[in-house]
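# A look at the structure
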Amino acid sequence: MNIFQLTAVLMISLISISVQAQGDAEAESEKAKQACAACHGADGNSPNPAWPKLAGQHEKYIILQINNFQKGIRVDDNNLMTPAVENLTEQDKADLAAYFSAQKPMPAKAKPELIRLGAKVYRAGNPDTGVPACLACHGPRGAGNPAAQYPSLSGQHAQYVEAQLNAFRTGDRENAVMHTIAGKMSDEEIKAVSDFVQGLH
């Protein structure tokens, strides 16, 4: 096999791999409803505020978190996710991510008494304690940054966000940047900003 034939074979292989990596939202819709609906809702809008909404979340971020659960990098309190995702193939993950990212997140409301502090922390951080503005990474409307794998926070359950910030703060959830940021936040700031993003859209 000469160099031109070898190059052609490699290119065909790469194209094939690229095609397989593309998620198919329609193909996975039934699997998503059957396997994930109990916790995350058939349309990705979880009815339980302790579990995250997946509707409208970025595909790459969903895949990243599934991989983290599969590898044991991330563990949930009730150990529900690890067995739920352990047998998912790469195509399964791509299809699930495509399905949930295509769903429309249901808007929610923030508590009026927490909006002022939540908005301040989200938009300006706390210069006195070194807490950066959340919008620097997650955007002014909480849309996140798919290229950087920063998740969308818009409309996410306040209870879930608060739990994750506390997990980052204690180191129970790994992420060096978020560990540092959450470690500088007070309990009041965590609660307020978590509630604020719930009403952000």
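Here we summarise the structure given alongside this text. (Residues numbered from 1 in each chain as written. Predicted model: local features only at pLDDT ≥ 70, side-chain atom pairs only at ≥ 80, totals over all residues. Heavy atoms only, no water.)

## A few points about the pattern of salt bridges
Summed over all chains, the structure comprises 3 salt bridges. A salt bridge links Lys191 to Glu162; its shortest N-O distance comes to 3.3 Å. Placement of the pair is Lys191 in helix α10 (residues 187–198) and Glu162 in helix α8 (residues 158–170), with a sequence separation of 29 residues. In this structure Glu162 comes out as partly exposed when scored by relative accessible area, which is 22%. We note a salt bridge from Arg169 to Asp187, for which the minimum N-O separation is 2.6 Å. (Salt bridge = Lys/Arg side-chain N within 4 Å of Asp/Glu carboxyl O. Helix = DSSP H or I, 4+ residues; strand = E, 2+ residues; numbered from the N terminus. Buried < 20%, exposed > 50% of the residue type's maximum accessible area, 1.4 Å probe, protein only.)

## Observations concerning the packing of aromatic side chains
What the rule picks out here adds up to 2 aromatic pairs. Judged by centre distance (5.2 Å) and plane angle (70 degrees), the ring pair of Tyr99 and Phe100 falls under edge-to-face. With relative accessibility at 2%, the residue Phe100 sits in the buried group. Summarising the aromatic geometry, the rings of Tyr122 and Phe196 are spaced 5.6 Å apart at their centres and angled 50 degrees between planes, so their arrangement reads as tilted. Note that Tyr122 is positioned in helix α6 (residues 112–124) and Phe196 in helix α10, a separation of 74 residues in sequence. According to the relative accessible area criterion, Tyr122 is buried, its value standing at 0%. (Phe/Tyr/Trp six-rings, centres within 6.5 Å; stacked < 30°, edge-to-face > 60°.)

## Here's the deal with the nonpolar core
Formed by 18 residues in total, the largest nonpolar core has its most connected members in Tyr122, Leu165, Met185 and Val193. Top contributing element to this core by residue count: α10, with 4 residues. Ile66, Phe69, Ala97 and Tyr99 belong to the second largest nonpolar core, which has 11 residues in total. (Core = buried A, V, L, I, M, F, W, Y, C linked by side-chain atoms within 4.5 Å.)

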